[in-house]
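Listed below, chain by chain, are the residues.
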Amino acid sequence: MSTEALRGECILVVDDEPTNLKLLDRMLRGQGYQNLVLVEDPRKVVDLYRTIHPDLILLDINMPHLDGYQVMEQLKALNDPLLPPIVILTAQHSKDYLLRALAGGARDFIGKPFDRNELLMRVRNLLDAQLAHRLVHSQKVVLEKMVRARTEELRRTRLQVVQRLGMAAEYRDEETGNHILRMSHICALIARAIGWSEEGCDLILNASPMHDIGKISIPDAIMLKPEKFEPHEWEIMKTHAVIGGKLLDGDDSDLMRMAREIALTHHEKWDGSGYPNGLAGEAIPLAGRIAALADVFDALTSVRPYKQAWTVEAAVNMIKENSDKHFDPQLVEVFLRELPGIVAIRERFAEPAM
Ligand SMILES: [Fe+2]
Ligand SMILES: [Fe+2]
């Protein structure tokens, strides 16, 4: 790259000796570098650095107030990924001295008295390197931005798909749309109360609406039957858990994995008497245990074609009685403690008046 192209690059020169500054200024300007900032007082370097963001720093070591090592320390502490190369200006050539400067962050040395050709070549090489570094860095920033945007797009698409799936299930179900809303918000509330992260609560909020997605495969004659099921009909109804699990299988996103887990295990019971796999206790995934509690509570307190809505009190009593049987007893405790918030969710997503 010719020096022509580098003329706009900013070079910061720090030396307490005005004659040295003048000399360097003349040599660099003579070569076409116009953007030079000359500093006698090393205490000004950091503030100046923040405003001018130089592409190269030429730094004297022996200076009053702050020596070159201290200036390098201050610059390093800024943690700027684009910190430019620092070239030490020195009359010293001892190995220890040079090693200390290198360890402190110097990239190169220029001996005093300055050799014009050597100075210009080192300056040009280091400016080229810094230019390349800047380019790579800005590409990295652009790529990271792109990856973030794509990831967000993917997340949104997934969310859309699962929400639509949840809606599809509602069309087949006797349960109303608001059941899904109430149930998923109660899940998130319980998850928060047991210390799940915001991310986890969000996940269960979005994953739990698909708990009954498997019902899309259950025949109308069973789905819409207002009377009690015959045993064989009941067996068919129970298949919705496994079918839901299968429908949601095969995607390894956290959202889909949790949705699958909930669809498959929301009818398991703490004492092992649930379906489809008769899992017991903590063998039932926590998300499934939370969903079971939220689902049953809301189903009990809602009107269904085959039953009246229970009062909150009656539903709470049933849940208490079934702690340790149907439900995880620790979750029941949390549920009871959080009851005011749960009742508020019921009111917030109440069924519209007919
Ligand atoms: Fe279900
Ligand atoms: Fe449900």
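Below, the structure is looked at part by part.

### Some thoughts on the nonpolar core
In step 1: Among the nonpolar cores identified, the biggest contains 43 residues, and Ile190, Ile204, Leu293, Phe297, Ile319 and Phe335 are the most heavily contacted of them.
In step 2: Only helix 5 (116-172), helix 6 (177-193), helix 7 (198-207), helix 10 (254-265), helix 11 (286-300), helix 12 (312-321), helix 13 (329-337) and helix 14 (339-348) provide two or more residues apiece to this core.
In step 3: Here this core takes eight residues from helix 11, the largest share from any one element.
In step 4: Ignoring sequence-local partners within four residues, the contact set of leucine 293 consists of Ile190, Ile319, Phe327, Leu331, Val332 and Phe335.

### Brief notes about the coordination of the iron ion (ligand 2)
In step 1: In the first shell of the iron ion (ligand 2), the protein supplies His179 (NE2), His211 (NE2) and Asp295 (OD), at 2.2 to 2.3 Å from the metal.
In step 2: Linear spacing of the donor residues for the iron ion (ligand 2) on their chain is H-x31-H-x83-D.
In step 3: A separation of 5.3 Å is found between the iron ion (ligand 2) and the iron ion (ligand 1). Note that histidine 211 is positioned in the loop between helix 7 and helix 8 (220-223) and aspartate 295 in helix 11, a separation of 84 residues in sequence. Assigned by exposure class, histidine 211 and aspartate 295 land together as buried.

### Overview of the pattern of salt bridges
In step 1: Counted according to the given criterion, the structure contains 20 salt bridges.
In step 2: In this structure, the salt-bridge partner of arginine 192 is glutamate 198, at a minimum N-O distance of 3.4 Å.
In step 3: Taking relative accessible area as the criterion, arginine 192 reaches 44% and is therefore assigned partly exposed.
In step 4: One salt bridge in this structure joins aspartate 212 and lysine 215, with 3.2 Å as the shortest N-O distance.
In step 5: By relative accessible area, which is 4% here, aspartate 212 ends up buried.
In step 6: Exposure remark for lysine 215: the relative accessible area of 5% places this residue in the buried category.
In step 7: Salt bridges sharing partners connect three or more residues here, namely Asp15, Asp60 and Lys112.

What counts and what doesn't
- Residues numbered from 1 in each chain as written.
- Chains lettered and ligands numbered in written order.
- Predicted model: local features only at pLDDT ≥ 70, side-chain atom pairs only at ≥ 80, totals over all residues.
- Heavy atoms only, no water.
- Core = buried A, V, L, I, M, F, W, Y, C linked by side-chain atoms within 4.5 Å.
- Buried < 20%, exposed > 50% of the residue type's maximum accessible area, 1.4 Å probe, protein only.
- Helix = DSSP H or I, 4+ residues; strand = E, 2+ residues; numbered from the N terminus.
- Contact = heavy atoms within 4.5 Å.
- Donors = N, O, S within 2.8 Å, 3.2 Å for Na, K, Ca; no water.
- Salt bridge = Lys/Arg side-chain N within 4 Å of Asp/Glu carboxyl O.

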